[in-house]
Amino acid sequence: MAVVRLEALRKEYPDGHVAVADATLEIADGELLVLVGPSGCGKTTLLRMIAGLEPITAGTLTIGGRVMNEVPPKDRDIAMVFQNYALYPHMTVAENLGFGLRLRGQHRHEVARRVREVARLLEIEPWLDARPGALSGGQQQRVALGRALVRNPRVFLLDEPLSNLDARLRLSMRLEIARLHRRLGATMIYVTHDQIEAMTLGQRIVMLDGGVIQQIDTPMSLYRRPANRFVAGFLGSPAMNFLPGTLRLADGWALDGPHGVLTLPGVAGWPGSWDRREVTLGVRPEDLHPVDAPGLHTLSARVEVVEPVGNEVFLNLRTGGKPLVVRLPPRTLPEPGTLVHLAPDPSMLHLFDAASGERIG
Ligand code: ATP
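The rules we used
Residues numbered from 1 in each chain as written. Predicted model: local features only at pLDDT ≥ 70, side-chain atom pairs only at ≥ 80, totals over all residues. Helix = DSSP H or I, 4+ residues; strand = E, 2+ residues; numbered from the N terminus. Near = placed C-beta within 6 Å. Domains from an automatic or database assignment. Nonpolar A, V, L, I, M, F, W, Y, C, P; charged D, E, K, R; others polar. Pairing = 2+ DSSP bridges. Axes fitted to C-alpha atoms, helices over the stretch in contact; angles between N-to-C directions. Contact = placed C-beta atoms within 7 Å. UniProt positions renumbered as here; feature names shortened; annotations may be inferred. Buried ≥ 20, exposed ≤ 12 C-beta atoms within 10 Å, placed from the backbone.

Colleague: Quick rundown of unusual backbone geometry? Include the residues and the values.
Modeller: In this model, S237 is joined to P238 through a cis peptide bond whose omega is -5 degrees. Secondary-structure assignment places P238 in the loop between helix 8 (229-234) and strand 11 (241-249). Phi angles above zero are rare outside glycine, and A8 is one such case at about 50 degrees. Mapping A8 onto the fold places it in strand 1 (residues 4-12).

Structural data, given as structure tokens:
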């Protein structure tokens, strides 16, 4: 069983910088888990600690129940795929694929058999005699994947493997990795800063910021119930709208802010003690609906830029000096300068404490 367990795993660099702060997490056997977050959030450091390429400052790492903190990388039974492929340029594809097995002293017949098997699986047989320099980036990344597969490790670690590929190739390789995962049933930990990759590939996502785990959940749960403002703003494109303001309780709830007073009909269950609380209201671009006439429950915003993207339109607007984005079906294309009235869907509101950014409702 290749369960990977991190208990209060910590990385402090010699200069005192804490890159990962007490990460606790269990990756199930056969799970594809994605670590996602902005540049510098500590995702690569976390992966390198699991791989054994970076010493662990504190905490415990176990793989398959065995403590791995001091175990050298080659004895961890893991394979890593890097962003820059890291293939040996002077070796053929077949030699690159077989290198790790030869190093472990496997018989050359067995190496050749395994290389062929993986080459067939990844459909890279035609390039076996080519050198990496003769292959495109996408082809090289397939070979790099193959080199990891050939060893049949218990755990795969993938560090932004698709970042160097163009958009179209990224999409096809993403599907390929999802298929491979399904076929092999292997434990995979996949690092990316790309939210689409995280959402589409991850069975669960670990969201990191500033070396701290912000939330661990399934992609849709992260999207629907982000634990804080950071997670809410990171996942979703265009990003969630944030309206700062003060809650007011009269006949019902209202938010008083730079946008004016917005009543929130249909909101129930918020405690009365939240009256006058400073909050940030989050509304996704798809949950703001244009209505014909202004009312207390609408925001009035002026259209600045209209972005048709084919199957939908992004309206970039401004209200109370703040930007706002709305996502609409492609049939509506208001002119820049038009004043539109928008009603948020009351069942799709996200409420965050203004000071801490934590979700409260
Ligand atoms: P990116 O996507 O840009 O690679 P990341 O999320 O993978 O970012 P890390 O590379 O893990 O982030 O780095 C986390 C933090 O640790 C960053 O602030 C980085 O500057 C810092 N860091 C990384 N390596 C070292 C080092 N050797 N010494 C000191 N600080 C380091």
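Having put the structure on the table, let's press on.
Colleague: Just give me the short version of the site of the ligand, but keep the residues and values in it.
Modeller: Close contacts around the ligand come from 13 residues, with Y13, A19, S39, T44 and T45 the closest. Counting residues per element, the shell around the ligand draws most heavily on helix 1 (residues 43-51), which supplies 3 residues.

Colleague: How would you explain the domain arrangement of the protein if you had to name every residue and give the values?
Modeller: Domain annotation of the protein identifies domain 1 (4-234) and domain 2 (241-353). Taken over C-alpha atoms, the centre of domain 1 sits 40 Å from the centre of domain 2. Residues of the side of domain 1 that touches domain 2, tallied by class, amount to 2 nonpolar, 1 polar and 1 charged.

Colleague: If you had to explain the sheet that holds strand 9 (residues 204-209) to someone new, which residues and values would you point to?
Modeller: The 6 strands lie next to each other as 6-7-8-3-9-10, forming an open sheet whose pairing is mixed. Every interior strand has two partners, whereas the edge strands, strand 6 (78-81) and strand 10 (212-217), have only one. Taken pair by pair, the neighbouring strands of this sheet meet at an average axis angle of 15 degrees, ignoring direction. For strand 3 (residues 32-36) and strand 9, the ladder comprises 4 bridges, and the chain directions are parallel. By the bridge assignment, V34 is partnered in strand 9 with I205. Sheet strands touched by helix 4 (residues 137-149): strand 6 and strand 7 (155-159). Its angle to strand 6, the strand with the most contacts, is close to 175 degrees.

Colleague: Can you tell me about the environment of T319, naming the residues and giving the values?
Modeller: Topologically, T319 is positioned in strand 17 (residues 313-319). Sequence separation between T319 and L299 is 20 residues, and the spatial gap between their C-alpha atoms is 7.5 Å. Excluding residues within four positions of it along the chain, T319 makes contact with H259, L299, S300, A301 and L324.

Colleague: I'd love a proper account of the UniProt feature "domain: ABC transporter" (unreviewed entry) in the protein, names of residues and values included.
Modeller: The sites that carry the UniProt feature "domain: ABC transporter" (unreviewed entry) are, in the present numbering, residues 4-235. From the first C-alpha to the last, residues 4-235 spans 25 Å; its make-up is 37% helix and 25% strand.

Colleague: Any details on the pairing of strand 19 (residues 339-344)? Residues and values, ideally.
Modeller: What you see with strand 19 is a clean split: V340, L342 and P344 sit on the buried side and L339, H341 and A343 on the side with no burial. Of the pairings in the sheet, the one linking strand 15 (residues 288-291) to strand 19 comprises 4 bridges and is antiparallel in character. The residue of strand 19 that forms the bridge with P290 is L342.

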